[in-house]
Amino acid sequence: MNSLKLLSFAGLFILQWPNYTKHWDSHETNGHNDAKFEEFNGKQKYEVKLPANGDFSFKYTSVTKKGKLHLVVKSSSKMVLDKDLIGSDSGELKIENPKGEKYNYIFTAVHAEGSFEVNYKAL
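Definitions and cut-offs
- Note that residues are indexed from 1 along each chain, following the sequence as it is written.
- pLDDT decides what is reported in this predicted model: residues at 70 or higher carry local features, side-chain atom pairs at 80 or more are listed and counted, and totals for whole chains, interfaces and linings draw on all residues regardless.
- Each side-chain value is worked out from all heavy atoms of the structure, with water and hydrogens disregarded.
- Counting from the N terminus, the helices are the DSSP runs of H or I reaching at least four residues and the strands are the DSSP runs of E reaching at least two.
- Note on exposure labels: buried denotes an accessible area under 20% of the residue type's maximum, exposed denotes more than 50%, and partly exposed covers the range between, all computed with a 1.4 Å probe on protein chains only.
- By the convention used here, residues are in contact when the closest approach between their heavy atoms is within 4.5 Å.
- A 1.4 Å probe and the Shrake-Rupley method give the accessible areas. Residues count as covered only by the protein chains that appear here.
- Should DSSP find at least two bridges between two strands, the strands are taken to pair.
- Planes of paired rings set the category: under 30 degrees apart is stacked, over 60 is edge-to-face and the rest tilted, where pairs are Phe, Tyr or Trp rings (Trp by its six-membered ring) whose centres lie within 6.5 Å.

All right, on to the overall build of the protein chain then. Helices and strands together make up the secondary structure of the protein chain, namely one helix and six strands. Ordered by position from the N terminus, the helices and strands of the protein chain form the series α-β-β-β-β-β-β. A burial count over the protein chain gives 34% of its 123 residues as buried. Within the protein chain, counting contacts between residues at least 6 apart in sequence, those at least 24 apart form 69% of the total. Surface exposure of the protein chain reaches about 8,100 Å², of which carbon and sulfur atoms provide 54%.

For the rest of this paragraph, the subject is the pairing of strand E3 (residues 56–75). Two strands pair when backbone bridges link them, and E3 and strand E5 (residues 88–95) are joined in this way by eight bridges, in the antiparallel orientation. The residue bridging Phe56 from the neighbouring strand is Ile95, located in E5. In this structure, E3 lies alongside strand E6 (residues 103–122), joined through 18 bridges in antiparallel fashion. Among the inter-strand pairings, Ser62 is bridged to a residue of E6, identified as Phe116. When E3 meets strand E4 (residues 79–85), the two strands line up antiparallel, connected through six bridges. Paired with Leu69 across the strands is Leu85, a residue of E4. Hairpin connection, E3 to E4: the antiparallel pair is bridged by three residues.

All chains considered together, the criterion is met by twelve aromatic pairs. Summarising the aromatic geometry, the rings of Phe37 and Phe116 are spaced 6.0 Å apart at their centres and angled 45° between planes, so their arrangement reads as tilted. Within this pair, whereas Phe37 is found in strand E2 (residues 32–47), its partner Phe116 is found in strand E6, the two being separated by 79 residues in sequence. Relative accessible area serves as the criterion here: at 2%, Phe116 is assigned to the buried category. Consider the rings of Phe107 and Phe116, whose centres lie 3.7 Å apart with planes at 10°: the pair is stacked. Owing to a relative accessible area of 1%, Phe107 belongs among the buried residues under this scheme.

Pasting the structure below:
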């Protein structure tokens, strides 16, 4: 029975290995999120949390020292940004949201080392 538990644990560990992130340090408050990381592998998804429906600004900065880092900003009906973040990168979007849809931003990484910061606010 112990060998079955050990085998199950080993299998689970191997399946999770591609999503392993080393030295993740992040902070999230309403309208702001930042993270520093070494060996970020996998996906980190966040929801834009605004008190009122309507348009908003979305600003991001990132530093990718190694590996690959990708950012997507989208709602259920619309893709606003789909971008590989290389080196030092930044941008600001004005997002029109007359229907009050929920938006998410998703960072995907493969062996990435670096940081990102996101700020958003209602317009």
